[in-house]
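Survey of secondary and tertiary structure
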Amino acid sequence: MTGPQEAGLLRRRRGRSPQHGGPEVSGRWDEWCAAAGSGRAAEAEVLLARLAALPAQGSPHERAAALAALTAAPPRLLLLLDRAARSPGAAQAGGSDVLGLLLRSFAADGRVREAAVEGLAGCGGPAAVAGLALRCADWVDAVRARARAALLVRSAPEEVAAAVRVLLRLADRSRTGALLAEYRGLLCGAPHRRAVRVLVADSDRAARRFGVALALELGEYARGDLLRTALRDRDQVCRTLCAQRLLDLEPDQAGRLLLAGDAAVRELAVAALPADVPATRLVAPLADRARMVRVTARWQLYGRGEPPSAVYRRQLGRAGRSTPVRLLAGLAAGLGECGDAADVPALMRLLDQRRAAPPMVRRAAVRAVGRLAPQGELVGLLGPLAMDPDPGAAREVFAALAARAPDEVPVEIRWIGSVRPEAAVRRAAARIGGVHPRPARAYEQSGHSPR
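Just so it is clear, the structure is predicted and the values come from calculations on it, not from any experiment.

Our next topic: helix 22 (residues 325-338). Its 14 residues place the ends of helix 22 20 Å apart at the C-alpha level, agreeing with the 20 Å of an ideal helix rising 1.5 Å per residue. Burial of helix 22 is extensive: 10 of the 14 residues sit out of reach of the surface. Along helix 22, the positions that sit buried rather than exposed are Leu328, Ala329, Gly330, Leu331, Ala332, Ala333, Gly334, Leu335, Gly336 and Cys338.

On to the environment of glycine 383, then. Tracing the backbone through its elements, the reader meets glycine 383 in the loop between helix 25 (375-382) and helix 26 (391-404). Of the residues examined, glycine 383 reaches a relative accessible area of 10% and is grouped as buried. Taking the C-alpha atoms as reference points, glycine 383 and alanine 394, separated by 11 residues in sequence, lie 9.8 Å from one another.

Turning next to a positive patch on the surface. Together, Arg76, Arg83, Arg173 and Arg175 make up a region of like positive charge exposed at the surface. You can see arginine 83 is positioned in helix 6 (residues 76-84). Owing to a relative accessible area of 55%, arginine 83 belongs among the exposed residues under this scheme.

Bringing the pattern of salt bridges into the picture now. Using the criterion set out here, one finds 35 salt bridges in the structure. The shortest N-O distance in the salt bridge between arginine 111 and aspartate 109 comes to 3.5 Å. Overall, the relative accessible area of 67% leaves arginine 111 in the exposed class. With a relative accessible area of 32%, aspartate 109 lands in the partly exposed category. One salt bridge connects arginine 363 with aspartate 390, and the closest N-O pair in it is separated by 2.8 Å. In this pair, arginine 363 sits in helix 24 (residues 359-372) while aspartate 390 sits in the loop between helix 25 and helix 26, placing the two residues 27 residues apart along the sequence. The class for arginine 363 is partly exposed, based on a relative accessible area of 32%. Note on aspartate 390: relative accessible area 9%, which makes it buried. Because the salt bridges share partners, they merge into one network encompassing Asp82, Arg86, Arg113, Arg135 and Asp138.

On to the packing of helix 18 (residues 263-272) against helix 20 (residues 291-303), then. Put simply, helix 18 and helix 20 touch, their axes get as near as 9 Å, and they point 5° apart. As summarised for this structure, helix 18 and helix 20 are arranged roughly parallel, according to the angle between their axes. Facing helix 18, whose interface residues are Ala263, Ala264, Arg266, Glu267, Val270 and Ala271, helix 20 presents Met292, Val293, Thr296, Ala297 and Gln300.

This part is about the packing of helix 24 against helix 25. Close contact between helix 24 and helix 25 brings their axes to 9 Å; oriented N to C, the two are set at 155°. The pairing of helix 24 with helix 25 is recorded here as roughly antiparallel in orientation. On helix 25, the residues touching Val366, Val369 and Gly370 of helix 24 are Leu378, Leu381 and Leu382. Grouping the constituent residues of the contact of helix 24 with helix 25 by class yields 5 nonpolar, 1 polar and no charged.

Within helix 18, 7 of the 10 residues are buried, which leaves the element mostly enclosed by the surrounding structure. Residues of helix 18 that are buried include every one of Ala263, Ala264, Val265, Arg266, Leu268, Ala269 and Val270, and no others. Its buried side turned inward, helix 18 meets helix 15 (223-232), helix 16 (236-249), helix 17 (254-257), helix 19 (283-286) and helix 20.

Below, the discussion takes up the side chain of threonine 323. Here threonine 323 shows up in the loop between helix 21 (308-318) and helix 22. Among the residues examined, threonine 323 registers a relative accessible area of 17% and is labelled buried. Side-chain polar atoms of threonine 323 contact the backbone nitrogen of glycine 320, separated by 2.8 Å.

Examined against the element boundaries, aspartate 202 turns out to sit in the loop between helix 13 (193-200) and helix 14 (205-218). Judged by relative accessible area, which is 6%, aspartate 202 ranks as buried. Side chain to side chain, aspartate 202 and arginine 165 meet in a polar contact 2.8 Å long. A polar side-chain atom of aspartate 202 sits 2.8 Å from the main-chain amide nitrogen of aspartate 204.

This next bit is on the environment of alanine 373. In this fold, alanine 373 is placed in the loop between helix 24 and helix 25. Along the primary structure alanine 373 and glycine 336 are separated by 37 residues, whereas in three dimensions their C-alpha atoms are 9.7 Å apart. Ignoring anything within four residues of it in the chain, the contact list for alanine 373 reads Val344, Leu378, Leu381 and Arg404.

Rules used in this analysis
- Residues numbered from 1 in each chain as written.
- Predicted model: local features only at pLDDT ≥ 70, side-chain atom pairs only at ≥ 80, totals over all residues.
- Heavy atoms only, no water.
- Helix = DSSP H or I, 4+ residues; strand = E, 2+ residues; numbered from the N terminus.
- Expected span 1.5 Å × (residues − 1).
- Buried < 20%, exposed > 50% of the residue type's maximum accessible area, 1.4 Å probe, protein only.
- Patch = residues over 30% accessible without salt bridge, like charges linked within 9 Å, V, L, I, M, F, W, Y side chains within 5 Å.
- Areas by Shrake-Rupley, 256 points an atom, 1.4 Å probe, with all protein chains shown as cover.
- Salt bridge = Lys/Arg side-chain N within 4 Å of Asp/Glu carboxyl O.
- Lys, Arg positive; Asp, Glu negative; His and termini not counted.
- Charge placed at Lys NZ, Arg CZ, Asp CG, Glu CD.
- Axes fitted to C-alpha atoms, helices over the stretch in contact; angles between N-to-C directions.
- Parallel < 35°, antiparallel > 145°, perpendicular 65-115°, else oblique.
- Contact = heavy atoms within 4.5 Å.
- Nonpolar A, V, L, I, M, F, W, Y, C, P; charged D, E, K, R; others polar.
- Polar contact = N/O pair within 3.5 Å; in protein donor to acceptor, adjacent residues only side chain to side chain.

Shown next as structure tokens:
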């Protein structure tokens, strides 16, 4: 007769055996869920068949592993499985646990789905709540009403997050009605504040954006958190939401947000600057690498009657060897957007081949000359740059010629573009017409050198 220690050791050994749901089998559910979540209907049908084939009794480790994989998978997978379960010949699952109820909630028979919803209403956990949220868009009124009533009484943070993930994917379905708005109003209550904080940190992007917007509405963010999120958050929508709220509360923070890496945040910061901000403080936004930031900065000057082109000309005239490359390129790009033909000589100085400017500057200057130079002078100005060693600058040359003076480009310049080794330059030259681009060799297509 074995003692407690021997019995425990025997159970652990049995738990590791494949026929009792050991890790050698259970570890593949994540892989299968990932394949089904790719959107291919065949993969979803295969996963549904595997889930339905699990024994209703026994293999508890295997069923637990399958349910954990479904819970961790993106919410889109539940919608794909729900669709696959309605295909002809779909297997029916057994079992009275959460996994069995969840699978039966996908059944084509409305009575089976209604019974599954009743069962899920009495179960806890994210998987059960996700199944209830999915049935809130059911095409049978009775099933939809039962699922809706059961969902609205859930308040555990992890269950709320699971519900929101699914409801966001169903928001455009007419059968859900205003359920998402109703659920959002429910989360505004004091008992659900912890759930809102969990949503703010959710791994699902859509749910996290929903949580951040709700937390901002409820005033859950401290001002230091707003600044930190606006500057460093991994999601652009969250950064923009927090930046806008911070600027609403403290417009003086615009200066700090001008240093953000996100162009949308910098745009908001420029728009929030006071109307009497000195033009010197607008130099960096006027030369920003993002066009929408430059446009917003120019509107600040237009609003008070100052021509931004004058600022660009003045700053380009002061530029020297110590001027940062990014600033110089931004000034050239900005002048090309608001200048006139009189600015072409200043821009051409940046393209002087005897004092070659950095590639970033040459690209911006070529683009600006292509916009401002008179059409009759364009070929004479940009034609000599067709052999520029920087592929980006050469591409801008041929793009400008193709857009404004395609009929005036000599055949030799077209030929130069057609034999350049860079595919992007050849494509730009091909838009001029007349000479077909030389086909890329095998080593150019593969990225390998002929050596």
